[in-house]
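# Descriptive analysis of the structure
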Amino acid sequence: MLRKKKTEKSPKSNEVVLPPMEFKPPISDKQLQQGILIACRAIEQYPVAVMMIAQAISTRADQILLDCTAQGVIVRIRVDGLWETMPPMDRPTGDGVVVILKRLCNLNPTDRRTRQSAKLGVACMGDWLFELVSQGVPTGERILIRVEPKKPVLKTLSDLGMREKMQEQLKSLLNGDDALFMLSGPPGHGLPTTWRVSMDAADKFVRDFHSVEEINVNDPEIINITRHTF
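Quick caveat: nothing in here was measured; it's all calculated off a predicted structure.

### Looking at the packing of helix H1 (residues 30-41) against helix H3 (residues 91-104)
Interhelical geometry of H1 versus H3 gives an angle of 175° and a closest axis separation of 10 Å. It follows from the interaxial angle that H1 and H3 lie roughly antiparallel. Contacts between H1 and H3 pair Ile36, Leu37, Ala39 and Cys40 from the former with Ile100, Arg103 and Leu104 from the latter. Along the lines of polarity and charge, the residues of the contact of H1 with H3 split into six nonpolar, no polar and one charged.

### Some words on the side chain of Gln167
Position of Gln167 among the secondary structure elements: in helix H4 (residues 164-174). Judged by relative accessible area, Gln167 falls into the buried class, the value being 12%. For Gln167, the contacting residues outside a window of four places in its chain are Leu157, Ser158 and Met162.

### Quick word on the packing of helix H2 (residues 46-58) against H3
It is the contact of H2 with H3, at a shortest axis distance of 8 Å, that shows an interaxial angle of 75°. On the basis of their axis angle, the class for H2 and H3 is roughly perpendicular. Along its contact with H2, which presents Tyr46, Val48, Ala49, Met52 and Ile53, the element H3 presents Thr93, Val97, Ile100 and Leu101. Tallied by class, the residues present in the contact of H2 with H3 amount to eight nonpolar, one polar and no charged.

### What about H4?
Every buried residue belonging to H4 is among Gln167, Leu170 and Leu174, and all of these are buried. Seen end-on, H4 carries its buried residues on one side only, within an arc spanning 65°. Turned more than 90 degrees from where H4 packs its buried face, Lys165 and Glu168 sit exposed. Residues of H4 that are buried in the fold lie against helix H5 (191-201).

### Digging into the pairing of strand E6 (residues 116-123)
Buried residues dominate E6, accounting for six of its eight residues. Relative to strand E7 (residues 127-137), E6 is paired through eight bridges, and the arrangement is antiparallel. Note on E7: the bridge partner recorded for Leu120 is Phe130. Where E6 folds back on E7, the antiparallel hairpin that results is connected by three residues, among which Met125 adopts a positive phi of roughly 55°.

### Considering the nonpolar core
Grouped together as the largest cluster of nonpolar side chains are 42 residues, with contacts concentrated most on Phe23, Met52, Ile53, Ile64, Val122 and Phe130. Elements supplying a minimum of two residues to this core: H1, H2, strand E2 (63-68), strand E3 (72-79), H3, E6, E7 and strand E8 (140-149). Among the elements that take part in this core, H2 stands out by supplying eight residues, more than any other. Apart from the residues lying within four places of it in its own chain, the contact partners of Val122 are Met21, Glu22, Phe23, Ile53, Ile57, Asp127, Trp128 and Phe130. Among the nonpolar cores identified, the runner-up in size contains 12 residues, and Leu157, Met162, Leu170 and Phe209 belong to it.

### Side note on the pairing of E7
Along any regular strand the residues' side chains alternate between the sheet's two faces. The pairing of E7 with E8 spans 10 bridges and is antiparallel. Counterpart to Phe130 in the pairing with E8 is Val147. As consecutive antiparallel partners, E7 and E8 are separated by two residues.

### Observations regarding H2
Taking 1.5 Å of rise per residue, the 13 residues of H2 would be expected to cover 18 Å, and the 18 Å separating its terminal C-alpha atoms lies within 8% of that figure. Every buried residue of H2 is accounted for by Tyr46, Ala49, Val50, Met52, Ile53, Ala54, Ala56 and Ile57. Positioned one or two residues after H2, Arg60 has a phi angle of 65°, which is positive.

About the criteria used
Chains are numbered independently. Their residues run from 1 in the order of the written sequence. Where totals are concerned, whole chains, interfaces and linings use all residues; where local detail is concerned, this predicted model gives features only for residues with pLDDT of at least 70, and gives and counts side-chain atom pairs only at 80 or more. Side-chain measures here rest on the full set of heavy atoms in the structure, leaving out hydrogens and waters. Lines fitted to C-alpha atoms define the axes, with helix axes restricted to the stretch in contact, and inter-axis angles between N-to-C directions lie between 0 and 180 degrees. Segments assigned H or I by DSSP are reported as helices when at least four residues long, segments assigned E as strands when at least two residues long, and all are numbered from the N terminus. Angle categories: roughly parallel below 35 degrees, roughly antiparallel above 145, roughly perpendicular from 65 to 115, and oblique for all the rest. Throughout, a contact is declared for two residues whenever any of their heavy atoms are within 4.5 Å. Only Asp, Glu, Lys and Arg are considered charged in this grouping, and only Ala, Val, Leu, Ile, Met, Phe, Trp, Tyr, Cys and Pro are considered nonpolar; every other residue, Gly among them, is considered polar. For the exposure calls, accessible area comes from a 1.4 Å probe over protein chains only, and a residue counts as buried if that area is under 20% of its type's maximum, exposed if over 50%, partly exposed in between. For this quantity, the arc is that covered by the directions from the helix axis to the C-beta atoms. Criterion used throughout: strands pair if DSSP finds at least two bridges between them. Residues belong to one nonpolar core when they are buried, are Ala, Val, Leu, Ile, Met, Phe, Trp, Tyr or Cys, and are joined through side-chain atoms within 4.5 Å. The length a helix should cover is 1.5 Å for every residue beyond the first.

Below, the structure is given as structure tokens:
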């Protein structure tokens, strides 16, 4: 007797396949966490929110900006210090995405005026920490999401796109006796990453290195670096 082999069901042509993504709301109670996740998945705009977050992560964006107005929501992401405009959302779609983001962060989705902030853990192509800040503005509401990897993604000079010859020149200057080497850059252009990777390539035990930073900047402290704040 011949039996037909079971065939896997293929997704329908109009079915949206979402990337694997796990949210970790900032609540210690596991049951409450699960309740929030179930409630968010039941919202019609949940796939839109997931796709927006996945696109930001895949393009190495460090910020997501949502400008909510009476007409709709303008979406921008910042990649390598430059803002890129994404396809806008209509009002119902944008409102649903905002509700999902706030619920995941355990914030009040009905409060569109008061400043609210929270952090959300996201697992998608790595582990990430999303810091969401919402604030009412004259045109509606503005939401800024900072995207930070829990572990550094760029670890070496090669990861920064630096060729071997340039790496040798940089290390020679960093560890030399006859030069003052200074790293600087405008906000949002990767200075903390360049500084961290360069210091990992330097001999910090026999050379003196100093940093001058704004006191409110919470960049990770590097061992054997003298930190000066203003």
